[in-house]
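Fold and geometry: a report
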Amino acid sequence: MTPDVPAPAAHHEELRDRAVALRRQGLSRRRIRDHLKIGNNDLLNRLLRGEPPPDWTRRPNAKDAQRTRARELRRAGLTYDEIELELGVSKGSVSLWVRDLPKPPPRRDRQEQARLAATKRWEHEAALRETERRRTTAAAHDEIGELTDRELFLIGVGLYWSEGAKSKPYRRRERVVFVNSDPGMIKVFLAWLDLLGVARDRLRFTVMIHEYAEVATAEEFWAREVGIDRHQLLKTTLKKHNPKTVRKNTGENYRGCLTVGVLQGADLYRRIEGWWCGIVGAAPRPD
C-alpha cells in the first residue's frame, strides 16, 4: 500500500467528520481505517484527536464499584474509618476517592462525644481490672493446696455460725439448718458434715426460690449438686414476688437457695455453738 498523500484542508475536515461520526457509532479504530481506506495511524490519530473512545473500549476497573460505593457512603455521613471497615479497603484509597466531597457534619454533639469517649476509656479500664482480678484470684487459689481435717473442721464451724440457723435466748430452737445460694458453700458444708460423721440419710434438702423462676430447672440443678434424685427433695418453698423490688438475680442462672437440714440435730447444734465459742476464746486479742 502506498503512503497517503496529504489531503487539502477541506478534504481533511470532511474526512475528520466522517471518522468522528464512525467513532461515535462505536466502531473500532481498525474498522474506521478500513472504512475510510486509511493506512496511516498518525493520520487517524489526527482525525480522532479530542474524540473520547466509546465506553466498550474502556478496560474495566475492579475498584470502580468500590469507589462508587465509597462516595455514596461518604455522602451518607460515614467517616473514613467507617468506610474503610465497610468496604475492606485502605484508608488511603478512601481518601483518594472521596476527598473532593464535603466533610459531613458531626453526627454527635460535643457532650455525646465526650460521653462516648468516657465510656470507651472505662471499658478499657474495666478490661484491665478484669485481667488483674483473674490473675489475683488464680494466684490465691493456688495458695490453698490440700486441706487437712482440722482446717476443714474449723472452716465448717465458722461457715455454719455465719450462714446457718442459730438459736436465740428468747426462742430456743436448737436445729442444724444451713441455707445458701452458692453451690460451693453447700459443697464445703456437706464435706464438713461428712468429716463429723453425719450420715447422709439424716439430711433433708429443700429448694427455696421465687415463684417467677424455673422451679423444675432449679430442682434438677440442686439435686445434681448434692448427688440425689430430684424426687428426694422436699417440697419446694416458693417466695412471692414483690413487684416493687427490683431484683438482679434473675435469668437462666438464677437457681434460688438450697436448705440443708440435719435430723435429730440438737446435740450437733450445741457442739457447734461450743466449738465457735472455743474459736472466739482462742483468737488472739488485738494489742
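Right above here is the structure, for reference.
Presented here is a report on the structure given in the accompanying data block. Residues take numbers from 1 onward in each chain, read along the sequence in its written order. Since the coordinates come from a predicted model, pLDDT governs what is reported: local features require at least 70, and pairs of side-chain atoms require 80 or more to be given and counted, while whole-chain, interface and lining totals use all residues. Neither water nor hydrogens contribute to the side-chain values; these are computed over all heavy atoms in the structure.

1. Overview of the overall build of the chain
Here is the rule: A run of H or I in DSSP becomes a helix once it reaches four residues, and a run of E becomes a strand once it reaches two; helices and strands are each numbered from the N terminus. Using C-alpha atoms as the atom set, the radius of gyration is obtained and then compared with a globule rule of 2.2 Å times the number of residues to the power 0.38. Accessibility here uses a 1.4 Å probe with only protein chains present; expressed as a share of the type maximum, an area under 20% marks a residue as buried, one over 50% as exposed, and anything in between as partly exposed. Here, residues are in contact when the closest pair of their heavy atoms is within 4.5 Å. To be clear on the numbers: accessible area is Shrake-Rupley with a 1.4 Å probe, and residue cover counts the displayed protein chains and nothing else. Positive: Lys, Arg. Negative: Asp, Glu. His and the chain ends are not part of the count. In plain terms, the charge of a residue is placed at NZ if it is Lys, CZ if Arg, CG if Asp and CD if Glu.
When helices and strands are counted, the chain shows eleven helices and four strands. For the chain, the C-alpha radius of gyration of 43 Å lies well beyond 19 Å, the compact-globule estimate for 287 residues. A principal-axis box enclosing the C-alpha atoms of the chain has dimensions of 130 × 55 × 45 Å. Expressed as a percentage of its 287 residues, the buried residues of the chain come to 27%. When contacts within the chain are restricted to residue pairs at least 6 apart in sequence, long-range pairs at least 24 apart make up 68% of them. Per element, the accessible surface of the chain, about 20,900 Å² overall, is 51% carbon and sulfur. Distance from the positive charge centre (55 side chains) to the negative charge centre (41 side chains) of the chain: 5 Å.

2. Remarks on the sheet that holds strand S1 (residues 176–180)
Definition in use: Here a strand pair is declared whenever DSSP counts at least two bridges between the two strands. Helix axes are fitted to C-alpha atoms over the stretch in contact, other axes to C-alpha atoms as well, and angles between N-to-C directions run from 0 to 180 degrees.
Strand order in the open sheet formed by four strands is S1-S4-S2-S3, and the pairing between neighbours is mixed. Since the sheet does not close on itself, it has two edges, and those belong to S1 and strand S3 (237–239), each with one partner. Neighbour-to-neighbour, the strand axes of the sheet open up by a mean angle of 20°, direction not taken into account. Note that strand S2 (residues 203–210) and strand S4 (residues 257–262) share six bridges and pair antiparallel. Bridge pairing in S4 places Val-207 opposite Leu-258. Strand contacts of helix H9 (residues 183–196): S1, S2 and S4, with the helix running at about 155° to S1, the strand carrying the most contacts. With respect to the sheet, helix H10 (residues 215–226) is in contact with S1, S2, S3 and S4, its orientation differing from that of S2 by roughly 145°.

3. Details of the pattern of salt bridges
Selection rule: A side-chain nitrogen of Lys or Arg and a carboxyl oxygen of Asp or Glu constitute a salt bridge if their distance falls within 4 Å.
Scanning all chains against the criterion turns up twelve salt bridges. Arg-134 is paired through a salt bridge with Glu-130; the nearest N and O atoms lie 3.0 Å apart. Of this pair, Arg-134 and Glu-130 both sit in helix H7 (residues 110–144), four residues apart, which is roughly one turn of that helix. On the basis of relative accessible area, Arg-134 is assigned to the exposed category, the value being 54%. A relative accessible area of 30% means that Glu-130 is categorised as partly exposed. Between Arg-230 and Glu-219 there is a salt bridge, and its shortest N-O distance comes to 2.8 Å. One end of the pair, Arg-230, is in the loop between H10 and S3; the other, Glu-219, is in helix H10, with eleven residues separating them in the sequence. Glu-219 gets classed as buried once you look at its relative accessible area, which sits at 13%. One salt-bridge network, held together by shared partners, links Glu-130, Arg-133 and Arg-134.

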